[in-house]
Amino acid sequence: MQVVIVKEHFFSIGIAVLLLMTLYYGVNAIVPPPDEKTFFPDDTPRYVSKSDPDYTPELKKRVDDTSKNYMEARKRHQSIVCSIYIPAGLLTLLIGSFWLKLESLSTAFIFGGLFMMITAIASGWESYPLRFVASMLTLLAVIGIVKRQFQIRRA
């Protein structure tokens, strides 16, 4: 009996991780991240300091500007990805909570939805106030789902 329970947990965790990976690769296929080679061709250094033999103030400015542009492009991409992750995670959580009847599959979707939302909030935005608001809304949504789910089961 205990072996079956352990297997169910491993399957649930595996499905949850695969849900997260599928979303990650799917979103990045549709909205690709910025290509480093576009910003840093083969001849462009990523960092330059005064101790480098080729150092010039112009080179330093060009490298700094390129790095800044690349980081801004990465931040824009990450904010788009996170804007997709949170609703997808919430939808996955709702499907796992209310639609799926098989307990291990339901658990997997609940884990997957939570992982998606946590990943989005933890890595998505530079702004801590935005992260705070997103985490508060997500927490309230999860509490609402849990409250409704357990009220339905008790009734």
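Look above for the structure.
Okay, so let's go over this structure. Please read all numbers here as calculations on a predicted model, not as lab measurements. (Residues numbered from 1 in each chain as written. Predicted model: local features only at pLDDT ≥ 70, side-chain atom pairs only at ≥ 80, totals over all residues. Heavy atoms only, no water.)

## Structural notes on the environment of H77
1) Next: Position of H77 relative to the elements: it lies in helix α3 (residues 57–99).
2) Next: Among the residues examined, H77 registers a relative accessible area of 8% and is labelled buried.
3) Next: When the C-alpha atoms of H77 and K37 are compared, they prove to be 16 Å apart, with 40 residues separating the residues in sequence.
4) Next: Those residues in contact with H77 that lie beyond four places of it in its chain are N28, V31, P32, P33 and P34.
5) Next: From its side chain, H77 meets the backbone oxygen of V31 in a polar contact 2.9 Å long. (Helix = DSSP H or I, 4+ residues; strand = E, 2+ residues; numbered from the N terminus. Buried < 20%, exposed > 50% of the residue type's maximum accessible area, 1.4 Å probe, protein only. Contact = heavy atoms within 4.5 Å. Polar contact = N/O pair within 3.5 Å; in protein donor to acceptor, adjacent residues only side chain to side chain.)

## A few points about the packing of α3 against helix α4 (residues 103–123)
1) Next: For the pair α3 and α4, the least separation of the axes is 7 Å and the interaxial angle reads 160 degrees. It follows that α3 is roughly antiparallel to α4 by the angle criterion. Where α3 crosses over α4, the two elements pack in a sense that is left-handed. Residue-level contacts link Q78, C82, Y85, I86, A88, G89, L90, T92, L93, I95, G96 and S97 of α3 to S106, F109, I110, G112, G113, L114, M116, M117, T119, A120, I121 and S123 of α4.
2) Next: Grouping the constituent residues of the contact of α3 with α4 by class yields 14 nonpolar, ten polar and no charged. (Axes fitted to C-alpha atoms, helices over the stretch in contact; angles between N-to-C directions. Parallel < 35°, antiparallel > 145°, perpendicular 65-115°, else oblique. Left-handed = near helix turned anticlockwise from the far one by under 90°. Nonpolar A, V, L, I, M, F, W, Y, C, P; charged D, E, K, R; others polar.)

## Structural notes on the pattern of salt bridges
Oppositely charged side chains can pair when the atoms bearing their charge come close.
1) Next: Counted by the stated rule, this structure contains two salt bridges.
2) Next: Of the charged contacts in the structure, one is a salt bridge between D64 and K60, with a shortest N-O distance of 3.4 Å. On the criterion of helical spacing, the pair formed by D64 and K60 is a turn pair, its members being four residues apart in helix α3.
3) Next: Note on K60: relative accessible area 29%, which makes it partly exposed.
4) Next: When the shortest N-O distance is used, the salt bridge between K61 and D65 registers 3.0 Å. Here D65 and K61 lie together in helix α3, a separation of four residues that amounts to about one turn.
5) Next: On the accessibility criterion, K61 (52% relative accessible area) is exposed. (Salt bridge = Lys/Arg side-chain N within 4 Å of Asp/Glu carboxyl O.)

## Focus on the packing of aromatic side chains
1) Next: The final tally for this structure, using the stated rule, is four aromatic pairs.
2) Next: Pairing Y24 with Y25 gives two aromatic rings, centres 5.0 Å apart and planes at 75 degrees, and the pair type is edge-to-face.
3) Next: In this structure Y25 comes out as exposed when scored by relative accessible area, which is 53%.
4) Next: Pairing F111 with F115 gives two aromatic rings, centres 6.2 Å apart and planes at 10 degrees, and the pair type is stacked. Of this pair, F111 and F115 both sit in helix α4, four residues apart, which is roughly one turn of that helix.
5) Next: Since its relative accessible area comes to 31%, F111 is described here as partly exposed.
6) Next: Taken together through their ring pairs, the aromatic side chains of F39, F40 and Y70 make up a single cluster.
7) Next: The positively charged end of R148 is found above the aromatic ring belonging to F98, 5.5 Å away from the centroid. (Phe/Tyr/Trp six-rings, centres within 6.5 Å; stacked < 30°, edge-to-face > 60°. Lys NZ or Arg CZ within 6 Å of the ring centre and 35° of its normal.)

## A short note on the environment of V17
1) Next: Looking at the secondary structure, you find V17 in helix α1 (residues 2–30).
2) Next: Along the sequence, V17 and R148 sit 131 residues apart, while their C-alpha atoms lie 26 Å from each other.

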